[in-house]
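One letter stands for each residue in the lines below.
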Amino acid sequence: MARLSRYVIPGQPQHIIQRGNNRQAIFVLDADYQFFRDATIEAALKHGLAIHAYVWMTNHVHLLATPEKDDSISKVFQSVGRKYVQYFNHTYQRSGTLWEGRYRATVVDSEQYLLTLMRYIELNPVRAGMVMHPSQYAWSSYAFNAHGQVSPNTDWLIAHPEYLRLGQTADERQGAYQQLFQAAIAGQDLQAIRESTHKGWALGGQGFQAQIESLTQRRAASKGVGRPRNGNNNRV
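To keep things clear, this report deals only with the structure shown in the data block. Each residue is numbered by its place in its chain's sequence as written, counting from 1. In keeping with the model being predicted, local features are shown solely for residues with a pLDDT of at least 70 and side-chain atom pairs are shown and tallied solely at 80 or more, while totals for entire chains, interfaces and linings include all residues. Values shown for side chains rest on all heavy atoms present in the structure; no hydrogens or waters enter the calculation.

### Quick notes on the side chain of Ser 140
Reasoning step 1: Positionally, Ser 140 belongs in the loop between helix 4 (124-127) and helix 5 (142-147).
Reasoning step 2: Within 3.5 Å is the distance limit for a polar contact, defined as a pair of N or O atoms, with the added protein rule that one can donate a hydrogen and the other accept it, and that residues adjacent in sequence qualify only through two side-chain atoms. A distance of 3.2 Å separates a polar side-chain atom of Ser 140 from the backbone nitrogen of Tyr 142. Numbering goes from the N terminus for both helices and strands, where a helix is a DSSP run of H or I of at least four residues and a strand is a run of E of at least two.

Right under this line is the structure:
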């Protein structure tokens, strides 16, 4: 079945993935990550996209971000994609497409899933067998969210209100965030995140999905499927 058209609700966070064509590498050297980062920061500031968490893997990228406008996400990815493909093709003397196709995105119920999704994104290098702990991977938001480390890799991130509710002070929030990583993400949550992102469903409970359907006038979940009850190949 064809994937449903994307939808965007200003002020509601989205999980966004962009892959390299045929899962080929999109980053080779640190300079590549840096160029991509700088292009992303410039576009996000220009088009109103608040980025809360990210990871740049060797063949795909993840963002958790809140759009200010209907076209914030599309304009950011159009701008970054165009600039980065030109840079990458020139640097490595290649031609043609770099991306798998259009980016994938899903609207997220922040109360139920935002913190879980932040962990999911920052644990990508661990699931891929690249590092033992997310703190060992340079190209993610973990250092900022868990330790408050500010660098060119993190000084452009914007904390989401759900993250701010973890504590009254920065130290409290960072400590609470680190504690979240002591437990593995439940298998049902992994399945829900992957299915919603790949199929374009809203990531949340049935009530949230019903609200999204009412706002967008399109299906937000497969029939009869909501949030599950009780609730090393660089793959998502």
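### Let's talk about the packing of helix 1 (residues 30-47) against helix 2 (residues 72-91)
Reasoning step 1: Structural elements are reduced to axes, namely lines fitted to C-alpha atoms, with helices fitted over the stretch in contact, and the angle between N-to-C directions of any two is expressed from 0 to 180 degrees. Orientation of helix 1 relative to helix 2, taken along the N-to-C sense of each, is 150°, at an axis distance of 9 Å. Our classification of the angle between helix 1 and helix 2 gives roughly antiparallel. Classified by chirality, the crossing of helix 2 by helix 1 is right-handed. Here helix 1 contributes Ala 31, Asp 32, Phe 35, Phe 36, Ala 39, Thr 40, Glu 42, Ala 43, Ala 44 and His 47 to the contact with helix 2, which in turn contributes Ser 72, Lys 75, Val 76, Ser 79, Val 80, Lys 83, Tyr 84, Tyr 87 and Phe 88.
Reasoning step 2: The residue inventory of the contact of helix 1 with helix 2, partitioned by class, reads 11 nonpolar, four polar and four charged. For classification, angles of less than 35 degrees are called roughly parallel, those exceeding 145 degrees roughly antiparallel, those between 65 and 115 degrees roughly perpendicular, and all remaining angles oblique. The sense of a crossing depends on the near helix, which, turned anticlockwise from the far helix by less than a right angle, makes the crossing left-handed and, turned clockwise, makes it right-handed. Contacts between residues were defined by any pair of non-hydrogen atoms, one from each residue, lying within 4.5 Å. Amino acids outside the nonpolar list (Ala, Val, Leu, Ile, Met, Phe, Trp, Tyr, Cys, Pro) and the charged list (Asp, Glu, Lys, Arg) are all regarded as polar, and Gly is one of them.

### A closer look at empty space enclosed by the protein
Reasoning step 1: For the second largest cavity, the calculated volume is near 50 Å³.
Reasoning step 2: Here a cavity denotes grid points, spaced 1 Å and computed from the protein atoms alone, that fit a 1.4 Å probe unable to get out, and a pocket denotes an open set having protein on both sides within 12 Å along at least 5 of 7 lines; residues with an atom within 4 Å of a point are the lining. Around the second largest cavity, the lining residues are Phe 36, Thr 40, Trp 56, Val 61, Leu 63, Val 76, Phe 77 and Val 80.
Reasoning step 3: Going through the elements one at a time, helix 1, strand 3 (60-67) and helix 2 are the ones with two or more residues in the lining of the second largest cavity.
Reasoning step 4: Sorting elements by how many residues they give to the lining of the second largest cavity places helix 2 first, with three residues. Grid points are joined across faces, edges and corners, and a volume is the space filled by probe spheres set on the points.

Everything listed here is a matter of geometry and, on its own, says nothing about what the molecule does.
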